[in-house]
Structure formats: structure tokens, C-alpha cells
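# Report on the structure
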Amino acid sequence: QVQLVESGGGLVQAGGSLRLSCAASGRTFSTYGMGWFRQAPGKEREFVSSISWSASSTYYADSVKGRFTISRDNAKNAVYLQMSSLKPEDTAVYYCAADPSGFAHSQTSSFRFWGQGTQVTVSS
């Protein structure tokens, strides 16, 4: 069991950077794969990035490769998404999610636990 709370969202200009954090509770956090997803109004939720339980594997959507970096600190029960070179099309609510399987992947249905989301708005 794990509970997730995102933070770090806000308003940023195109080309800028933003760091999202996800704080988790639960002793099993270190065994879970973790992911970031996003959803814009009128659009379906889409995969952004994921990281395996040991951080040995990471996975990124093509749209964010080279711009976003996912990381985790199991000692702090936290996962992060460092976003750089932000574009207006990155505007969305960003969600943190946990997958008990421990793998890094893009399959939304495998992520069992979800945070409440944090808004990221990129202006041009």
C-alpha cells in the first residue's frame, strides 16, 4: 500500500524548467515502479516517464526524451520529474503513479496507485 502526493507544479515560460516531486508513504515504496503521466483538458491521459524500483531502468515518451529526467530516492520515499526546455504543449495536470510490479513501462493500467495531480502551465 502506498499514498502519493505531488507538488512543484506552477506557471513557467516556454524554455524554462520545473521540478515536480512525488512524496510517498508506505514501507513498500522501494519495491514499486514509479511513473509520471499527464492529462490536458479534452485529452486522454498519456504516459510521460517511468522508473524501475532500483532505478536501473527508465522509460520516456518520445515527446519528452532529452528534455525530462525521472529519478527516485528510495531513502526519502520520493520520485522526481525534472523538466527542462518546456513547451506550451507540456501544459497539463501531472500525476504520479506506482506499479507494484517494480518495472519501468508505459502501461497505464498496471499502475495501481495514483496521486491527486499537480498543474503545470507553460506560457509562450
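Here is a short report on the structure shown in this document. (Residues numbered from 1 in each chain as written. Predicted model: local features only at pLDDT ≥ 70, side-chain atom pairs only at ≥ 80, totals over all residues. Heavy atoms only, no water.)

### Thoughts on the nonpolar core
If you look at the biggest cluster of nonpolar residues, it comprises 33 residues, and the most contacted ones within it are Leu4, Met34, Trp36, Leu81, Met83 and Tyr94. Counting only elements with at least two residues in this core, the list comes to β3 (18-25), β4 (33-39), β5 (46-51), β7 (68-73), β8 (78-83), β9 (92-99) and β11 (118-123). Sort the elements by how many residues they give to this core and β9 lands first, with five residues. (Core = buried A, V, L, I, M, F, W, Y, C linked by side-chain atoms within 4.5 Å. Buried < 20%, exposed > 50% of the residue type's maximum accessible area, 1.4 Å probe, protein only. Helix = DSSP H or I, 4+ residues; strand = E, 2+ residues; numbered from the N terminus.)

### Observations regarding the pairing of β3
Going residue by residue along β3, you find Leu18, Leu20, Cys22 and Ala24 tucked away on one face and Arg19, Ser21, Ala23 and Ser25 left uncovered on the opposite face. Bridge count for β3 against β8 is six bridges, and the pairing is antiparallel. Within β8, the residue paired with Leu20 across the bridge is Leu81. (Pairing = 2+ DSSP bridges.)

### Points about the state of the cysteines
Counting across every chain of the model gives one disulfide. Shown here is the disulfide that connects Cys22 with Cys96, its sulfur atoms set 2.1 Å apart. Every disulfide takes its handedness from the sign of the S-S torsion; for Cys22 and Cys96 that torsion is -80 degrees, giving left-handed. Linking Cys22 in strand β3 with Cys96 in strand β9, this pair joins segments that are 74 residues apart in sequence. For Cys96, a relative accessible area of 0% corresponds to the buried category. (Disulfide = S-S within 2.5 Å.)

### Description of the pairing of β9
Within a regular strand, side chains alternate between the sheet's two faces. In terms of residue burial, β9 counts as a mostly covered element, since seven of its eight residues are buried. Note that β9 and β11 share three bridges and pair antiparallel. The residue of β11 that forms the bridge with Tyr94 is Thr118. Relative to strand β10 (residues 113-114), β9 is paired through two bridges, and the arrangement is antiparallel. Bridge pairing in β10 places Ala97 opposite Trp114.

### Describing unusual backbone geometry
In this model, Asn77 sits at a positive phi of 50 degrees, which is unusual for a non-glycine residue. Positionally, Asn77 belongs in the loop between β7 and β8. According to the relative accessible area criterion, Asn77 is partly exposed, its value standing at 21%. Phi is positive for Ser85, close to 50 degrees, though the residue is something other than glycine.

The values are spatial; any link to function lies outside them.
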